[in-house]
Amino acid sequence: LQITPGVASEEEAAAAAREMLAGFQAQDALQPFIRDFEVGLSIGVALFPSMSSDCNELMKLADIAMYHAKYNGKNNFAVYRPGMEGIMENNRLSIR
């Protein structure tokens, strides 16, 4: 969970997510894990208060967006959109 004060729009949130992804990829200490174990970073974004003003609901929306990002490929992010819940229910992630 990361709370980023001052992010007022989806565009700013997307820029922050891209910056986090780039920072993750640039960490020298993580390179063996990224390479050998295919460790990646998936980010789900939900904005306060436009998407919800309730903390628990906001985390739920961000979690749904994160799983949407995971479903669409590693090292990705997604901003919550209404209807994502249905997409994820139809494409349940499975443990192999």
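So, here is what we can say about the structure in this document. Being a predicted model, the structure only gives us computed values, none of them experimental.

## Looking at the overall build of the protein chain
1) Next: Scanning the protein chain from N- to C-terminus turns up 4 helices and 2 strands.
2) Next: When its helices and strands are written in sequence order, the protein chain yields α-α-β-α-β-α.
3) Next: When each of the 96 residues of the protein chain is scored for burial, the buried share is 27%.

## A few points about the pairing of strand β2 (residues 76-79)
1) Next: Here strand β1 (residues 42-45) pairs with β2 via 4 bridges, running parallel. Within β2, the residue paired with I43 across the bridge is F77.
2) Next: Crossover connection from β1 via helix α3 (residues 55-71) to parallel β2: handedness left-handed.

## Thoughts on the pattern of salt bridges
1) Next: Enumeration over the complete set of coordinates arrives at 3 salt bridges.
2) Next: A salt bridge links R81 to E10, with the shortest nitrogen-to-oxygen separation between them at 2.6 Å. Of the two residues, R81 sits in the loop between β2 and α4 (84-90) while E10 sits in helix α1 (residues 10-26), which places them 71 residues apart along the sequence.
3) Next: For R81, a relative accessible area of 40% corresponds to the partly exposed category.
4) Next: Taking the shortest distance from any N to any O, the salt bridge between E38 and K74 comes out at 3.9 Å. Taken together, the residues span a long stretch of sequence, with E38 in the loop between α2 (31-37) and β1 and K74 in the loop between α3 and β2 at a distance of 36 residues.
5) Next: Residue class for K74 comes out exposed when judged on its relative accessible area of 53%.

## Topic: a nonpolar patch on the surface
1) Next: Together, L1, I3 and M59 make up a nonpolar patch on the protein surface, roughly 400 Å² of accessible area in all.
2) Next: Note that L1 resides in the segment before α1.
3) Next: Here L1 falls in the exposed class, since its relative accessible area comes to 88%.

## With respect to α1
1) Next: The terminal C-alpha atoms of α1, which comprises 17 residues, lie 24 Å apart, in line with the 24 Å expected from a rise of 1.5 Å per residue.
2) Next: Of the residues making up α1, those classed as buried are A13, A14, A17, L21 and F24. All buried residues of α1 project into a common sector of 100° when viewed along the axis, lining one side. With respect to the buried face of α1, the exposed residues turned more than 90 degrees away are E11, E19 and A26.
3) Next: Tucked into the core, α1 has its buried residues touching α2, β1 and β2.

## Let's talk about unusual backbone geometry
1) Next: Residue P49 is reached from F48 by a cis peptide bond, and omega for that bond is -5°.
2) Next: Structurally, P49 can be placed in the loop between β1 and α3.
3) Next: Residues other than glycine seldom take positive phi values, yet E38 does so here, at roughly 55°.
4) Next: Within the chain, N75 stands out as a residue other than glycine whose phi angle is a positive 55°.

Rules and cut-offs
Residues numbered from 1 in each chain as written. Predicted model: local features only at pLDDT ≥ 70, side-chain atom pairs only at ≥ 80, totals over all residues. Heavy atoms only, no water. Helix = DSSP H or I, 4+ residues; strand = E, 2+ residues; numbered from the N terminus. Buried < 20%, exposed > 50% of the residue type's maximum accessible area, 1.4 Å probe, protein only. Pairing = 2+ DSSP bridges. Right-handed = clockwise from strand over helix to strand, strands pointing away. Salt bridge = Lys/Arg side-chain N within 4 Å of Asp/Glu carboxyl O. Patch = residues over 30% accessible without salt bridge, like charges linked within 9 Å, V, L, I, M, F, W, Y side chains within 5 Å. Areas by Shrake-Rupley, 256 points an atom, 1.4 Å probe, with all protein chains shown as cover. Expected span 1.5 Å × (residues − 1). Arc of directions from axis to C-beta. Contact = heavy atoms within 4.5 Å.

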